[in-house]
Amino acid sequence: MSYTQAVRETVRALRTIRGQWAALLLAIETPPADHWPPRQLAHTMREGDDELLVEDRAPLVLREHPAPLNLGALDTGRAVERLIFGLADTLAAAVQRTEQGDPRAWESANPSAPDSRRAAGSRAHGLHWACVWIEGRVQDEDTAPEHELDGALAAPPFEVLPLYLLHEARRTARIAEARVLRALDLDRRETPLPEPCPWCAGELTLHSAPDGPPSVTCSGGRGCSAPVPLDGWERARVWEWDDLPELIAALGVDISIVTA
């Protein structure tokens, strides 16, 4: 694997973790549910529930949950924090040369206390900040000498990341990414639905992937009268993201069973 590809894959994994972290926090606060309807769509369709909004939480940290409703999601959150925080500690020990007062510095903490609410140092800022910091090290940011106020050159805040640590960062980030996506049912999979198509009684299949929203296909193809287009091979009707609420309504699924 090339150096550039390793950097690209690591950055992509870190950004996926950041992008799905709020959804994982929501999953901790809602009961486990079947893969159908998709949980992220259920959150969208549930109107008037301000308790599920996470945009105003700052930072997006894993908080203590006296009675978490989804222990699997909570365990995933804790495991991912341990992986990412531990990786940041490792990289900081190897390449960080700036002083602790520098806002760019990663302040390591005791890894035996991974909970971000109680942790000291940079862990207190949450996983989102840790991913951003690691991405900077992977992309060799701030590795050039800097000018002091008097014009003198100072040593760079960070050294270039050694190749072996880049591969370690890639491995760890991809493991963490896979755990988050699996907890949210966003890993790539195809799952037959128990209900037949309301328009032709064909087999419905839920398609999920980490790089896009879920979709559903019907095996009835051209013989299905559902008001959605055929796929590129004209073998199946396809409900894309915007069409899924109509399919859920046609199936008579109570969306509250996912978010109650």
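Since the structure is predicted, the reported quantities are computational estimates derived from the model, not experimental observations.

## Quick look at helix α6 (residues 244-251)
Part 1: Regarding α6, the residues found buried are L244, L247, I248 and L251. For α6, the arc enclosing every buried residue in end-on projection is 100°, short of the 170-degree limit, so these residues lie on one face.
Part 2: A positive phi of about 70° marks G252, the residue just after α6.

## Some words on the nonpolar core
Part 1: Formed by 40 residues in total, the largest nonpolar core has its most connected members in V80, I84, W133, I134 and V138.
Part 2: Beyond its immediate chain neighbours, meaning those up to four positions away, V80 contacts I17, W21, L127, A176, R179 and V180.
Part 3: Grouped together as the second largest cluster of nonpolar side chains are 13 residues, L193, L204, C218 and L244 included.

## Remarks on the pattern of salt bridges
Part 1: Under the criterion given, the structure shown has 12 salt bridges.
Part 2: Note that E146 is salt-bridged to R104, the shortest N-O span being 2.8 Å. Here E146 is found in strand β1 (residues 146-147), whereas its partner R104 is found in the loop between α3 (71-95) and α4 (127-138), with 42 residues between them in sequence.
Part 3: Overall, the relative accessible area of 27% leaves E146 in the partly exposed class.
Part 4: Note that R222 and E234 form a salt bridge whose closest N and O atoms lie 2.5 Å from each other. You can see R222 sitting in the loop between β5 (212-218) and β6 (237-239) and its partner E234 sitting in the loop between β5 and β6, a full 12 residues away along the chain.
Part 5: Residue R222 is classed as exposed on the basis of its relative accessible area of 58%.

## Brief notes about α4
Part 1: Helix length check: α4, at 12 residues, gives a terminal C-alpha distance of 16 Å against a target of 16 Å (1.5 Å per residue), a fit within 8%.
Part 2: For α4, the set of buried residues is L127, A130, C131, W133, I134, E135, G136, R137 and V138.
Part 3: In the core, the buried residues of α4 are packed alongside α1 (3-28), α3 and α5 (163-183).
Part 4: D140, located one to two residues past α4, shows a positive phi value of around 55°.

## What about the sheet that holds strand β3 (residues 189-196)?
Part 1: Judged by pairing direction, the sheet is antiparallel, and its 4 strands sit side by side in the order β3-β4-β5-β6 without closing on themselves. Edge positions in the sheet fall to β3 and β6, since each of these pairs with one other strand and no more. Put simply, the sheet's adjacent strands are angled 25° from each other on average, direction ignored.
Part 2: Of the pairings in the sheet, the one linking β5 to β6 comprises 3 bridges and is antiparallel in character. Note that in β6 the partner of C218 across the bridge is R237.
Part 3: Sitting on the sheet, α6 touches β3, β4 (203-209), β5 and β6, and the angle it makes with β5 is about 45°.

## Looking at the environment of R78
Part 1: With respect to the secondary-structure elements, R78 resides in helix α3.
Part 2: On a C-alpha basis, the gap between R78 and L62 in space is 7.6 Å, while along the polypeptide they are 16 residues apart.

## Quick word on a positive patch on the surface
Part 1: Together, R78, R82, R179 and R182 make up a positively charged patch on the protein surface.
Part 2: Secondary structure elements with two or more residues in the positive patch: α3 and α5.

Rules and cut-offs
- Residues numbered from 1 in each chain as written.
- Predicted model: local features only at pLDDT ≥ 70, side-chain atom pairs only at ≥ 80, totals over all residues.
- Heavy atoms only, no water.
- Buried < 20%, exposed > 50% of the residue type's maximum accessible area, 1.4 Å probe, protein only.
- Helix = DSSP H or I, 4+ residues; strand = E, 2+ residues; numbered from the N terminus.
- Arc of directions from axis to C-beta.
- Core = buried A, V, L, I, M, F, W, Y, C linked by side-chain atoms within 4.5 Å.
- Contact = heavy atoms within 4.5 Å.
- Salt bridge = Lys/Arg side-chain N within 4 Å of Asp/Glu carboxyl O.
- Expected span 1.5 Å × (residues − 1).
- Pairing = 2+ DSSP bridges.
- Axes fitted to C-alpha atoms, helices over the stretch in contact; angles between N-to-C directions.
- Patch = residues over 30% accessible without salt bridge, like charges linked within 9 Å, V, L, I, M, F, W, Y side chains within 5 Å.
- Areas by Shrake-Rupley, 256 points an atom, 1.4 Å probe, with all protein chains shown as cover.
- Lys, Arg positive; Asp, Glu negative; His and termini not counted.
- Charge placed at Lys NZ, Arg CZ, Asp CG, Glu CD.

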